[in-house]
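Report on the structure
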Amino acid sequence: MTQKNNPLHGITLEKVLIELVEHYGWNELGARINIRCFNDDPSIKSSLKFLRKTEWARTKVESLYLDMHR
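Described below are features of the structure shown in this document. From a predicted model like this one, the values you see are computed outputs, not experimental measurements.

Take helix α4 (residues 55-68) next. A rise of 1.5 Å per residue sets the reference length of α4, with its 14 residues, at 20 Å; its end C-alpha atoms lie 20 Å apart and thus fit the reference within 8%. Packing partners of the buried residues in α4 comprise α1 (13-32), α2 (36-39) and α3 (44-53).

Moving on: the nonpolar core. Among the nonpolar cores identified, the biggest contains 20 residues, and L17, L20, L29, I35, F38, L51 and V61 are the most heavily contacted of them. Elements represented by at least two residues in this core include exactly α1, α2, α3 and α4. Among the elements that line this core, the one with the most residues is α1, at eight residues. Those residues in contact with L20, other than ones at most four positions away along the chain, are G25, L29, V61, L64, Y65 and M68.

Considering all chains together, one arrives at four salt bridges under this definition. For the salt bridge of E28 with R32, the shortest nitrogen-to-oxygen distance reads 2.8 Å. Residue E28 and its partner R32 are located together in helix α1, separated by four residues, close to a single helical turn. Residue classification places E28 among the partly exposed residues on the basis of a relative accessible area of 34%.

What counts and how
- Residues numbered from 1 in each chain as written.
- Predicted model: local features only at pLDDT ≥ 70, side-chain atom pairs only at ≥ 80, totals over all residues.
- Heavy atoms only, no water.
- Helix = DSSP H or I, 4+ residues; strand = E, 2+ residues; numbered from the N terminus.
- Expected span 1.5 Å × (residues − 1).
- Contact = heavy atoms within 4.5 Å.
- Core = buried A, V, L, I, M, F, W, Y, C linked by side-chain atoms within 4.5 Å.
- Buried < 20%, exposed > 50% of the residue type's maximum accessible area, 1.4 Å probe, protein only.
- Salt bridge = Lys/Arg side-chain N within 4 Å of Asp/Glu carboxyl O.

So, in C-alpha coordinates, the structure goes:
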(Lines give C-alpha, C1' and ligand atoms only; values in the text may rest on other atoms or scores of the structure.)
Protein backbone atom coordinates (compact mmCIF):
# COMPACT_ATOMS: atom_id res chain seq x y z
CA MET A 1 0.00 0.00 0.00
CA THR A 2 1.46 3.36 -1.00
CA GLN A 3 1.51 6.32 1.34
CA LYS A 4 2.14 9.11 -1.17
CA ASN A 5 -1.43 10.45 -0.87
CA ASN A 6 -1.61 10.13 2.91
CA PRO A 7 -1.14 13.62 4.44
CA LEU A 8 -0.23 12.05 7.81
CA HIS A 9 2.55 9.87 6.41
CA GLY A 10 5.70 10.38 8.47
CA ILE A 11 3.92 12.31 11.25
CA THR A 12 3.75 10.53 14.59
CA LEU A 13 0.62 10.48 16.72
CA GLU A 14 2.64 12.17 19.46
CA LYS A 15 3.54 15.08 17.15
CA VAL A 16 -0.11 15.40 16.10
CA LEU A 17 -1.27 15.51 19.71
CA ILE A 18 1.42 17.96 20.85
CA GLU A 19 0.58 20.36 18.00
CA LEU A 20 -3.14 20.16 18.80
CA VAL A 21 -2.52 20.87 22.49
CA GLU A 22 -0.22 23.80 21.64
CA HIS A 23 -2.80 25.21 19.21
CA TYR A 24 -6.06 24.61 21.11
CA GLY A 25 -5.05 23.83 24.70
CA TRP A 26 -6.52 20.92 26.67
CA ASN A 27 -9.81 22.69 27.46
CA GLU A 28 -10.66 23.49 23.85
CA LEU A 29 -9.40 20.12 22.64
CA GLY A 30 -11.65 18.41 25.20
CA ALA A 31 -14.60 20.52 24.04
CA ARG A 32 -14.00 19.64 20.38
CA ILE A 33 -13.38 15.93 21.02
CA ASN A 34 -15.19 14.85 24.17
CA ILE A 35 -13.05 12.05 25.55
CA ARG A 36 -12.05 11.63 29.17
CA CYS A 37 -8.29 11.67 28.59
CA PHE A 38 -8.62 15.26 27.28
CA ASN A 39 -10.96 16.47 30.03
CA ASP A 40 -9.95 14.67 33.23
CA ASP A 41 -6.33 15.27 34.31
CA PRO A 42 -5.03 15.33 30.71
CA SER A 43 -1.49 14.39 29.74
CA ILE A 44 0.26 13.51 26.52
CA LYS A 45 1.21 10.08 27.87
CA SER A 46 -2.30 9.02 28.93
CA SER A 47 -3.85 10.44 25.77
CA LEU A 48 -1.40 8.59 23.53
CA LYS A 49 -2.10 5.34 25.34
CA PHE A 50 -5.85 5.77 24.82
CA LEU A 51 -5.60 6.94 21.20
CA ARG A 52 -3.37 4.02 20.21
CA LYS A 53 -6.02 1.59 21.48
CA THR A 54 -9.14 3.42 20.29
CA GLU A 55 -9.49 3.80 16.53
CA TRP A 56 -12.57 6.09 16.51
CA ALA A 57 -10.88 8.59 18.84
CA ARG A 58 -7.64 8.52 16.87
CA THR A 59 -9.59 9.18 13.67
CA LYS A 60 -11.22 12.25 15.24
CA VAL A 61 -7.85 13.56 16.45
CA GLU A 62 -6.24 13.06 13.05
CA SER A 63 -9.19 14.75 11.34
CA LEU A 64 -8.95 17.78 13.64
CA TYR A 65 -5.21 17.96 12.97
CA LEU A 66 -5.76 17.96 9.22
CA ASP A 67 -8.48 20.64 9.55
CA MET A 68 -6.08 22.77 11.61
CA HIS A 69 -3.53 22.69 8.77
CA ARG A 70 -5.97 23.73 6.02
